[in-house]
Amino acid sequence: MIPRDEYDLGIIGGGPAGLAAAIRARELGASVLVIEQDRLGGVCVNDGCVPTRTLARAARLRRDANHFAEFGIIGEVQGIDAARALERARHSMAIVRDNKAAAAESGLAGVDLVVGLGPASFRGPRQVDIGGRTIEARKFLICAGGHARRLPVPGAELALSHSDIWTLTGLPDSVIVVGAASTGCQLASILAAFGLRVTLLEVAGRILREEDADVSATISAEFAGRGIEVVTGIGGVESMQPENGGVSVKLSGSPDSYEAAAVIFAVGWSGSLESLNLTAAGVETERGFVRVDDELRTTNPDIYAAGDIDGHMMLVQSAEIEARIAVENALDSTGQPHLRSKAHQIVPHGGFTDPDYASVGLTEEQADIENAVVAKVPYEVLDRALIDGRPDGFVKLIVSRQDHSILGAHVVGEQAVEAIHIAAAAMSAGLPIETIGAIQFAYPTFTASIGIAAREAERLLAGPSSKTA
Ligand SMILES: Cc1cc2nc3c(=O)[nH]c(=O)nc-3n(C[C@H](O)[C@H](O)[C@H](O)COP(=O)(O)OP(=O)(O)OC[C@H]3O[C@@H](n4cnc5c(N)ncnc54)[C@H](O)[C@@H]3O)c2cc1C
């Protein structure tokens, strides 16, 4: 089944990082083995982005159905058939997986691909055991990804994780989502659109705490307006127990408890370290992830790691970039000057909540605000937002007074995750705001909001050193 005993590069994991790495390694002429213990595509395809995005689409269609009559469409939508929506999520996973497999067949020509065998486990610094065989490689790349954390509290076994949702055939009528980062907020938003009574519990003082404070506040207010109960600043979860056919969540340091038919944990991510036997390879870990340096090398100089397993970014686009960099570094025989460093400064990302949010670069809190202007434009100035009946949201650009480049961009509103890429491209190219303001954006589009905000930034830069609109 595995044609050779020795390879230039052995890759553990066939998710976004592993597949991107394999393609790059083949381009560099290396002999490559990819070992995937489960299904190609990793968490992204089989457990994360794809099913979440499918349900977000269902939620958005359901919301839009509320506006049929305003646009002259006759007929009412009764509600959501959760079983069919979940079936559609599984269908999406299957078609995207097939798509990956087809792409893999062409892109990975010449790569030895082992799927559904494992887990791969290190036997020594350059040896891995897999399915009763020991494989040697000159270099290894660990792309084993991660899995959802669970809170170590009494009754935690009563909680679901996001992974459990995809296998359900129906949904309960109420849910408590514990954790209000990206995954928790997306699930809360989707499930509320599906008609569930949703409570969102968060330890931090605000939801989406990694995002700009304006993004958090706006999404929080939108959630409240949609009937989602948002509870921030909780002292933690003390325990959980069965109650009235559902689950009761008791908070730490508080007399409060919350009850719902189901509880979902969305409390963070750990590296999938368990099966790798990293000690045998001399690979050290920290905070539940594989420790790497800026060149993505682990504490064993012949073993690199990329993607979620190193705990840096937890995004597909970052996993793929890291994988390519790690392969180039691992296979480089010429030495130090050619080593590439991972760079995560410009990473557009967002969430498919309703409304969407998206960000790139620095938040207002992170920026040196004395040397910047902050241009904030509400979505309601945008003709397209008015035409489509989606006037809620804003675009915020944080722009350097020194060279007029964008330091950070934040968008809340319809198509935010698409619009943010203009700001990201401008940042990558180092464009001054005047160049963005001069682009003839197609009319009427949501992306044109970036142009409007750019011209607002120009106005602020030209004026006295005041801050925002
Ligand atoms: C609910 C949810 C929604 C998300 N939405 C988005 C989104 O919209 N956009 C975005 O950019 N990111 C999103 N993410 C994050 C994204 O899924 C991950 O960042 C991405 O999948 C990481 O890729 P990876 O290759 O590093 O790891 P993974 O995708 O986790 O792949 C690792 C692979 O390694 C395999 N493996 C592990 N151990 C072994 C072993 N010992 N031997 C052999 N194989 C092994 C696993 O089976 C797995 O297939 C989401 C995540 C979740 C949970």
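Positions within a chain are numbered from 1, following the residues in the order the chain's sequence is written. A pLDDT threshold of at least 70 governs which residues receive local features in this predicted model, and a stricter bar of 80 or more applies before side-chain atom pairs are shown or counted, although totals over entire chains, interfaces and linings include all residues. For side-chain calculations, the full set of non-hydrogen atoms in the structure is used, while hydrogens and water are omitted.

Novice: I tried to follow the overall build of the chain on my own but got confused; where do I start?
Specialist: Counting secondary structure elements, the chain contains 12 helices and 24 strands. Reported as C-alpha extents along the three principal axes, the dimensions of the chain are approximately 65 × 60 × 50 Å. To sort residues, take the accessible area from a 1.4 Å probe on protein chains only and compare it with the maximum for the residue type: under 20% means buried, over 50% means exposed, and anything in between is partly exposed. A total of 469 residues make up the chain; the buried ones form 49% of that total. Contact criterion: two residues are considered in contact whenever any of their non-hydrogen atoms come within 4.5 Å of each other. Contacts in the chain between residues at least 24 apart in sequence constitute 65% of all its contacts with a sequence separation of at least 6. Using the Shrake-Rupley algorithm and a 1.4 Å probe, accessible areas are obtained, with residue cover drawn only from the displayed protein chains. Split by element, the accessible area of the chain, about 20,800 Å² in all, is 50% carbon and sulfur. A distance of 2 Å separates the average location of the 40 positive side-chain charges in the chain from that of its 60 negative side-chain charges. Working definition: helices are DSSP H or I runs of at least four residues, strands are E runs of at least two. Numbering for both runs from the N terminus. Only four residue types enter the tally: Lys and Arg on the positive side, Asp and Glu on the negative side; His and the chain ends are excluded. Where a charge sits is defined by one atom per residue type, namely NZ (Lys), CZ (Arg), CG (Asp) or CD (Glu).

Novice: Help me understand the domain arrangement of the chain in this model?
Specialist: When the parts of a complex come together, some accessible area is lost, and that lost area is often used as the size of the interface. Domain parsing of the chain yields domain 1 (6-147 + 271-331), domain 2 (156-267) and domain 3 (355-462). In this assembly, 12 residues from domain 2 lie in contact with 14 residues from domain 3. Between Lys396 and Asp214 there is a salt bridge, with the nearest N and O atoms lying 3.1 Å from each other. Identification of polar contacts relies on pairs of N or O atoms within 3.5 Å, with a donor-acceptor requirement for protein atoms, meaning one able to donate a hydrogen and the other able to accept it, and with residues adjacent in sequence counted only if both atoms are side-chain atoms. Here domain 2 is connected to domain 3 by seven residue pairs in polar contact (both at pLDDT 80 or more). For this classification, the nonpolar set comprises Ala, Val, Leu, Ile, Met, Phe, Trp, Tyr, Cys and Pro, the charged set comprises Asp, Glu, Lys and Arg, and every other residue, Gly included, is treated as polar. Among the residues making up the side of domain 2 that touches domain 3, the classes are represented as four nonpolar, two polar and six charged. Domain limits in this description derive from either an automatic procedure or a database domain assignment. The term salt bridge refers to a pairing of a side-chain nitrogen on Lys or Arg with a carboxyl oxygen on Asp or Glu at a separation within 4 Å.

Novice: Got a minute to help me understand the sheet that holds strand S21 (residues 357-361) in this structure?
Specialist: Backbone-to-backbone hydrogen bonds pair the strands of a sheet. The strands run either parallel or antiparallel. Strands qualify as paired when DSSP identifies two bridges or more between them. Here we have five strands laid out as an open sheet, ordered S20-S21-S24-S23-S22, and antiparallel in their pairing. Only two strands of the sheet have a single partner each, and these edge strands are strand S20 (349-351) and strand S22 (372-378). Averaged over all neighbouring strand pairs, the angle between strand axes comes to 10 degrees, with direction disregarded. Only the contacting stretch of a helix is used when fitting its axis, a line to C-alpha atoms as for every element, and angles between N-to-C directions run 0 to 180 degrees.

Novice: Help me out: how do you make sense of the pattern of salt bridges in this one?
Specialist: Side chains that carry opposite charge are capable of pairing whenever their charged atoms lie near each other. The full count for this structure, using the stated rule, is 24 salt bridges. Residue Asp38 pairs with Arg39 through a salt bridge whose shortest N-O separation is 3.9 Å. Here Arg60 ties to Asp356 by a salt bridge, and the two come within 3.1 Å at their closest N and O atoms. Residue Arg60 is located in helix H3 (residues 49-65), and its partner Asp356 is located in the loop between S20 and S21; the two are separated by 296 residues in the primary sequence. Residue classification places Arg60 among the buried positions, given a relative accessible area of 16%. One salt-bridge network, in which partners are shared between bridges, spans Arg60, Arg63, Asp64, Asp354, Asp356, Arg390 and Glu414.

Novice: I tried to follow the nonpolar core on my own but got confused; where do I start?
Specialist: Looking at soluble globular proteins, one finds that nonpolar side chains tend to be buried together. Core analysis: the biggest nonpolar cluster contains 51 residues, and Ile11, Phe122 and Leu141 have the highest contact counts within it. Of all the elements in the fold, those that place two or more residues in this core are strand S1 (6-12), helix H1 (16-27), strand S2 (32-36), strand S5 (127-130), strand S6 (133-142), strand S19 (303-305) and helix H8 (316-331). Ala85, Leu200, Ile228 and Val412 belong to the second largest nonpolar core, which has 35 residues in total. Residues enter a nonpolar core if they are buried and are Ala, Val, Leu, Ile, Met, Phe, Trp, Tyr or Cys, with the set joined through side-chain atoms within 4.5 Å.

Novice: Quick question: what am I supposed to make of the pairing of strand S12 (residues 237-243) here?
Specialist: The side chains of a regular strand alternate, residue by residue, between the two faces of the sheet. As paired elements, S12 and strand S13 (residues 246-251) share six bridges and run antiparallel to each other. Pairing of Val237 across the sheet is with Leu251, part of S13.

Novice: Even after reading the chapter, I still don't get the pairing of S1, so can you show me in this structure?
Specialist: For S1, a buried count of five out of seven residues is recorded, marking the element as mostly surrounded by other parts of the structure. The pairing of S1 with S6 spans six bridges and is parallel. When the sheet's bridge partners are listed, Tyr7 is paired in S6 with Ala137. Classification remark: right-handed applies to a crossover when, strands pointing away from the viewer, the course from the first strand over the helix to the second runs clockwise. On the question of chirality, the crossover connecting S1 to the parallel S2 by way of H1 is right-handed.

Novice: Would you explain the environment of Ser31 in this entry?
Specialist: If you trace the backbone, Ser31 turns up in the loop between H1 and S2. Beyond its immediate chain neighbours, meaning those up to four positions away, Ser31 contacts Arg4, Tyr7, Asp8 and Leu9. Within the local environment of Ser31, its side chain forms a polar contact with the backbone nitrogen of Asp8, the two atoms lying 2.8 Å apart.

Novice: What is the right way to read the side chain of Asp112 from this model?
Specialist: Mapped onto the elements, Asp112 comes out in strand S3 (residues 112-115). A polar contact is formed between the side chain of Asp112 and the side chain of Tyr7, at a distance of 2.6 Å.

Novice: I'm lost on the site of the ligand in this one. Help?
Specialist: We call a residue near a molecule or strand whenever a single non-hydrogen atom of that residue lies within 4 Å of it. As a matter of local geometry, the ligand sits amid 35 residues, with Ala17, Glu36, Val43, Asp308 and Val316 nearest to it. Within the backbone of Gln37, an N or O atom sits 3.2 Å from a nitrogen atom of the ligand. Grouping the constituent residues of the shell around the ligand by class yields 17 nonpolar, 14 polar and four charged.

Novice: What am I meant to see in the packing of H3 against helix H4 (residues 82-107) here?
Specialist: The geometry of a pair of packed helices is captured by two quantities: the angle between their axes and the separation between those axes. Two numbers describe how H3 lies on H4: the axes approach to 8 Å, and their chain directions differ by 135 degrees. When the interaxial angle is binned, H3 and H4 end up oblique. The way H3 lies across H4 gives a crossing that is right-handed. Two secondary-structure elements touch here, H3 through Val50, Pro51, Thr54 and Leu55 and H4 through Ala85, Leu86, Arg88, Ala89, Ser92, Met93 and Val96. An angle below 35 degrees is treated as roughly parallel, one above 145 as roughly antiparallel, one from 65 to 115 as roughly perpendicular, and anything else as oblique. By convention the crossing between two helices is left-handed if the near helix lies anticlockwise of the far one by an angle smaller than a right angle, and right-handed if it lies clockwise.

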